[in-house]
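# Observations on the model geometry
This is what each chain is made of:
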Amino acid sequence: MIFFRKEQYVTADELRDSAYEAHRTASAAEKRALIKIAVIDDQVFTPRANLENLGYQIESLGDINSINRIQPFQIVLCDLQGVGTALDARKQGAFLIREIKRNFPEKFVIAYTGGGLNAALSREASLDADHLLKKDADIDDWVETLDRYISNVLNPYLVWQRQRLALVEREVDTLSILKLETAFVQSIKSKGPKHGSAFTTVVSELSGDARAVMQGMIASGLYALLTGGSGG
């Protein structure tokens, strides 16, 4: 059991300062090399070659029957049509996106459509996706979008805000959230094993869905990235 004295508690407001970002001085190319991007599409993802030539780390998963396939990735690109039919034949990609966001709140999900815009699916996806883009958008649009979300992935303050919201939605008690937030902030600032161990210990004290949410962030490699690790 991890205990903190009252004066030891800190909040994520201390992470607003970019001085605590592990990769704040990295170039765009260096950041692109750090982040794993998954593509869910039953067709060829035509922008892939251009994006990989620009340094993005992209893996095409095709269609998926289990959302656990995307666990190792920090950003997910998801087509809206022709995928997820084994889970929901009507809502397809929109349903996949909803389940990904529900189970992996640390991930940024960009929805896209390759054919004519399906208004119903687009409306569904817009409720959960972080961004909506057309598959045949100019490469400049893809680059601008991906670089923005890569920067978000590497921003510990934004990451924690999303994790904290997920914990609140799961009705985790305030004290547990504060313990987690304190250990998370300290591990980001110190980048040392002491506070990293405290964070994983507090995570281990959670139960059920809340524990799974936090372990997902660790399993994805995101926690290692934010604390200066390799993220592998």
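Residues numbered from 1 in each chain as written. Predicted model: local features only at pLDDT ≥ 70, side-chain atom pairs only at ≥ 80, totals over all residues. Heavy atoms only, no water.

### Some points on the overall build of the chain
Broken down by element type, the chain carries 10 helices and 5 strands. Put simply, the chain has 232 residues, and 48% of those count as buried. For the chain, the proportion of contacts with a sequence separation of at least 24, taken over those separated by at least 6, is 65%. Looking at the chain as shown, the accessible area adds up to about 10800 Å², and 48% of this sits on carbon and sulfur atoms. (Helix = DSSP H or I, 4+ residues; strand = E, 2+ residues; numbered from the N terminus. Buried < 20%, exposed > 50% of the residue type's maximum accessible area, 1.4 Å probe, protein only. Contact = heavy atoms within 4.5 Å. Areas by Shrake-Rupley, 256 points an atom, 1.4 Å probe, with all protein chains shown as cover.)

### Concerning a negative patch on the surface
On the surface, Asp136, Asp138, Asp140 and Asp141 cluster together into a negatively charged patch. Looking at the element boundaries, aspartate 141 is found in helix H5 (residues 139-153). For aspartate 141, a relative accessible area of 38% puts it in the partly exposed group. (Patch = residues over 30% accessible without salt bridge, like charges linked within 9 Å, V, L, I, M, F, W, Y side chains within 5 Å. Salt bridge = Lys/Arg side-chain N within 4 Å of Asp/Glu carboxyl O. Lys, Arg positive; Asp, Glu negative; His and termini not counted. Charge placed at Lys NZ, Arg CZ, Asp CG, Glu CD.)

### Section: the pattern of salt bridges
Across all of its chains, the model carries 12 salt bridges by this definition. Notably, a salt bridge pairs lysine 189 with glutamate 14, separated by 2.4 Å at the nearest N-O pair. Of this pair, lysine 189 sits in helix H7 (residues 174-190) while glutamate 14 sits in the segment before helix H1 (28-34), and the two are 175 residues apart along the sequence. For lysine 189, a relative accessible area of 35% puts it in the partly exposed group. Two residues, glutamate 106 and lysine 107, come together in a salt bridge whose shortest N-O distance is 3.2 Å. Neither residue differs from the other here; glutamate 106 and lysine 107 are each classed as buried.

### Here's the deal with the nonpolar core
Counting 49 residues, the largest nonpolar core has Ile75, Leu77, Trp142, Leu180, Phe184, Phe199 and Met214 as its most contacted members. With residues near it in sequence (within four places) discarded, tryptophan 142 still touches Phe45, Pro47, Leu51, Leu77, Tyr112, Leu133, Lys134, Lys135 and Ala137. Grouped together as the second largest cluster of nonpolar side chains are 21 residues, Phe73, Val76, Cys78 and Ala94 included. (Core = buried A, V, L, I, M, F, W, Y, C linked by side-chain atoms within 4.5 Å.)

### Regarding the sheet that holds strand E5 (residues 131-134)
With respect to topology, 5 strands assemble into an open sheet ordered E2-E1-E3-E4-E5, the strand pairing being parallel. Of all the strands in the sheet, just strand E2 (57-62) and E5 have a single pairing partner and so form its edges. Mean inter-strand twist for the sheet, computed between neighbouring axes without regard to direction, equals 25°. On the sheet, helix H3 (residues 93-103) packs against strand E1 (36-40), strand E3 (75-79) and strand E4 (108-113) and is oriented at approximately 160° with respect to E3. (Pairing = 2+ DSSP bridges. Axes fitted to C-alpha atoms, helices over the stretch in contact; angles between N-to-C directions.)

### A few points about the side chain of threonine 145
Counting through the fold element by element, threonine 145 comes out in helix H5. Not counting residues up to four positions away in its chain, the partners in contact with threonine 145 are Ile110, His131 and Leu133.

### Some details on the packing of aromatic side chains
Counting across every chain of the model gives 8 aromatic pairs. A ring pair is formed by tyrosine 112 and tryptophan 142, whose centres lie 5.8 Å apart and whose planes are at 75°; its orientation type is edge-to-face. With a gap of 30 residues between them, tyrosine 112 in strand E4 and tryptophan 142 in helix H5 connect regions that are remote in the sequence. A relative accessible area of 0% means that tryptophan 142 is categorised as buried. Here phenylalanine 184 and tyrosine 223 contribute two aromatic rings whose centre-to-centre distance is 6.4 Å and whose plane-to-plane angle is 40°, an arrangement assigned as tilted. With a gap of 39 residues between them, phenylalanine 184 in helix H7 and tyrosine 223 in helix H10 (residues 222-226) connect regions that are remote in the sequence. (Phe/Tyr/Trp six-rings, centres within 6.5 Å; stacked < 30°, edge-to-face > 60°.)

### Remarks on H7
Here H7 is 17 residues long and its end C-alpha atoms lie 24 Å apart, about the 24 Å a rise of 1.5 Å per residue gives. Extensive coverage of H7 is indicated by the burial of 12 of its 17 residues. Considered for burial, the residues of H7 that qualify are Ser176, Ile177, Lys179, Leu180, Glu181, Thr182, Ala183, Phe184, Val185, Gln186, Ser187 and Ile188. Between a side-chain oxygen at the N-terminus of H7 and the backbone nitrogen of leucine 175 the separation is 3.3 Å; the capping residue is aspartate 173. (Expected span 1.5 Å × (residues − 1). Polar contact = N/O pair within 3.5 Å; in protein donor to acceptor, adjacent residues only side chain to side chain.)

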